[in-house]
Amino acid sequence: MKPAFSIIVPVYNRPQEVEELVRSLAKQSDKDFQLIIVEDGSTVPCQEQVLELRDKLNIKYFHKSNEGRSIARNYGMERADGDFFIFVDSDCILPPDYIESLKKSLQENPCDCFGGPDTAHESFSDVQKAINFSMTSFFTTGGIRGGKKSMEKFTPRTFNMGFSKNVYNKVGGFREMFSEDIDMSTRIKNAGFKTVLYPDVKVFHKRRVDFKKFWKQVHVFGMSRITLQLLYPGSMKLVHWLPALFVIFGLGLVIASFFNYWFLIPLVVYFVVLLIAALVDTRSPKIALLALPASAIQLGGYGTGFIRAYVWKILLRHGRDVNDEIQRRKGK
């Protein structure tokens, strides 16, 4: 029987994480879906972990040459049987009622494209939980990653996103670029399709396992925001500037503190507020303390990436044509 949903997951060298994702899907209360795993040139494949549960799930497994996660997602959509495509990252775990909640949400508030929030699972490490706080807190990201409170209109992201086959037929697939999910969401909205946030359709998202990898990730996020501005002039909002402003003013306050330490008071107040918010959110003093460096990395990494790309691509006008850049990456 044709499934209602096709869950499409691009994978690159993450067999252990994929195993956790597949096991969480095997526990779904509603199994009206198929799982499509697209191994994007992995040297450490997850085929064994995936096919181990093929008697409990409708699974399609593919192994292709490495071309990037966007191309892998498009590869999966071309081979999907469902009328609605769902995208989650390979480092996600889905609650047992994910499909059930999604069906209910679609019935109550139909849409062409949806997105949902992500949060930390109780099994995650303290560092992962701290990173999760830094990526979802209103005080660090403005709530733009799937929360109920946001400084920006909601934009679905591929850690928890879905759209109909009709959307795919009209808009096309993902483009191989950084922040490809924001680009896709923008193209879907510009095509006139309805996009909705489903707050109850959540995933548990591991994100990065250490602060060094986390810095590299958010630094790229900051740089890609400039690419999106060049693609969609006027799309950049105040919330996207905040990490860069934090870096600039924070550095200025630190320098000024050499002359008068009272200049550090605004930074101290901000991090005290962060600590209190993290305590309330996580109910763990240890995680709350780890949330302070995690938040500093989130703001600093994104802010420096934003500044770097803004100066190079906009102020100095060294950025090549964005569409040419996308085609260049596609051809890699």
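Asks: Explain the sheet that holds strand 7 (residues 118-119) residue by residue, including any values.
Replies: Read across the sheet, 3 strands follow the order 5-10-7 without closing on themselves; strand pairing throughout is mixed. Each edge of the open sheet carries a strand with a single partner, namely strand 5 (92-93) and strand 7. Pairing of strand 7 with strand 10 (residues 203-205), which is carried by 2 bridges, proceeds in the parallel orientation. Note on strand 10: the bridge partner recorded for D118 is V203.

Asks: Any details on the pattern of salt bridges? Residues and values, ideally.
Replies: By the definition in use, this model includes 18 salt bridges. Where K206 meets E20, a salt bridge forms, and the shortest distance between an N and an O atom there is 2.4 Å. One end of the pair, K206, is in the loop between strand 10 and helix 9 (211-231); the other, E20, is in helix 1 (residues 15-26), with 186 residues separating them in the sequence. Overall, K206 belongs to the buried group, its relative accessible area being 13%. Judged by its relative accessible area of 30%, E20 is partly exposed. Taking the shortest distance from any N to any O, the salt bridge between R23 and E52 comes out at 3.2 Å. Of this pair, R23 sits in helix 1 while E52 is found in the loop between helix 2 (47-51) and strand 3 (59-64), placing the two residues 29 residues apart along the sequence. Given the relative accessible area of 34%, R23 is considered partly exposed. Linked through salt bridges whose partners overlap, the residues forming this network are R69, R73, D89 and E180.

Asks: An account of the sheet that holds strand 2 (residues 33-40) is requested, with residue identities and associated values reported.
Replies: With mixed pairing, 7 strands are arranged side by side in an open sheet as 3-2-1-4-8-6-9. Two strands close off the open sheet at either side, each with one partner strand: strand 3 and strand 9 (195-197). Averaged over all pairs of adjacent strands, the angle between strand axes in this sheet comes to 20°, irrespective of strand direction. Inspection of the sheet shows strand 1 (residues 5-11) paired to strand 4 (residues 84-87) by 4 bridges, in the parallel sense. In the sheet register, F5 faces strand 4, and the bridge partner there is F84. Contacts from helix 1 reach strand 1 and strand 2 within the one sheet, and its direction differs from that of strand 2 by about 170°.

Asks: Give a description of the packing of helix 10 (residues 238-256) against helix 12 (residues 285-315) that names residues and reports values.
Replies: Helix 12 packs onto helix 10 with a crossing angle of 100° between their chain directions and a minimal axis gap of 8 Å. Between helix 10 and helix 12, the interaxial angle falls into the category roughly perpendicular. Contact residues: helix 10 offers H240, W241, P243, A244, F246, V247 and I248, while helix 12 offers L299, G300, Y302, G303, T304, F306, I307 and Y310. For the contact of helix 10 with helix 12, a count of residues per class yields 11 nonpolar, 4 polar and no charged.

Asks: Give a detailed account of the pairing of strand 4, specifying residues and quantitative values.
Replies: Because side chains alternate across strand 4, one face comprises the buried residues F84 and I86, and the other comprises F85 and F87, equally buried. Bridge count between strand 4 and strand 8 (residues 161-164): 4 bridges; the pairing is antiparallel. Bridging from a neighbouring strand, F84 pairs with S164 of strand 8.

Asks: Outline the packing of helix 11 (residues 265-282) against helix 12, listing residues and values.
Replies: Helix-helix packing: each pair is described by the crossing angle between the helix axes and the interaxial distance. Between helix 11 and helix 12, the shortest axis-to-axis distance is 8 Å and the interhelical angle comes to 130°. As judged from the angle between their axes, helix 11 and helix 12 are oblique. Helix-helix and strand crossings are classified by hand; for helix 11 and helix 12 the assignment is right-handed. In contact with Y270, F271, L274, L275, A278, L279 and T282 of helix 11, helix 12 contributes P285, I287, A288, L289, A291, L292, S295, A296 and L299. Residue classes in the contact of helix 11 with helix 12 are distributed as 14 nonpolar, 2 polar and no charged.

Cut-offs applied
- Residues numbered from 1 in each chain as written.
- Predicted model: local features only at pLDDT ≥ 70, side-chain atom pairs only at ≥ 80, totals over all residues.
- Heavy atoms only, no water.
- Pairing = 2+ DSSP bridges.
- Helix = DSSP H or I, 4+ residues; strand = E, 2+ residues; numbered from the N terminus.
- Salt bridge = Lys/Arg side-chain N within 4 Å of Asp/Glu carboxyl O.
- Buried < 20%, exposed > 50% of the residue type's maximum accessible area, 1.4 Å probe, protein only.
- Axes fitted to C-alpha atoms, helices over the stretch in contact; angles between N-to-C directions.
- Contact = heavy atoms within 4.5 Å.
- Parallel < 35°, antiparallel > 145°, perpendicular 65-115°, else oblique.
- Nonpolar A, V, L, I, M, F, W, Y, C, P; charged D, E, K, R; others polar.
- Left-handed = near helix turned anticlockwise from the far one by under 90°.

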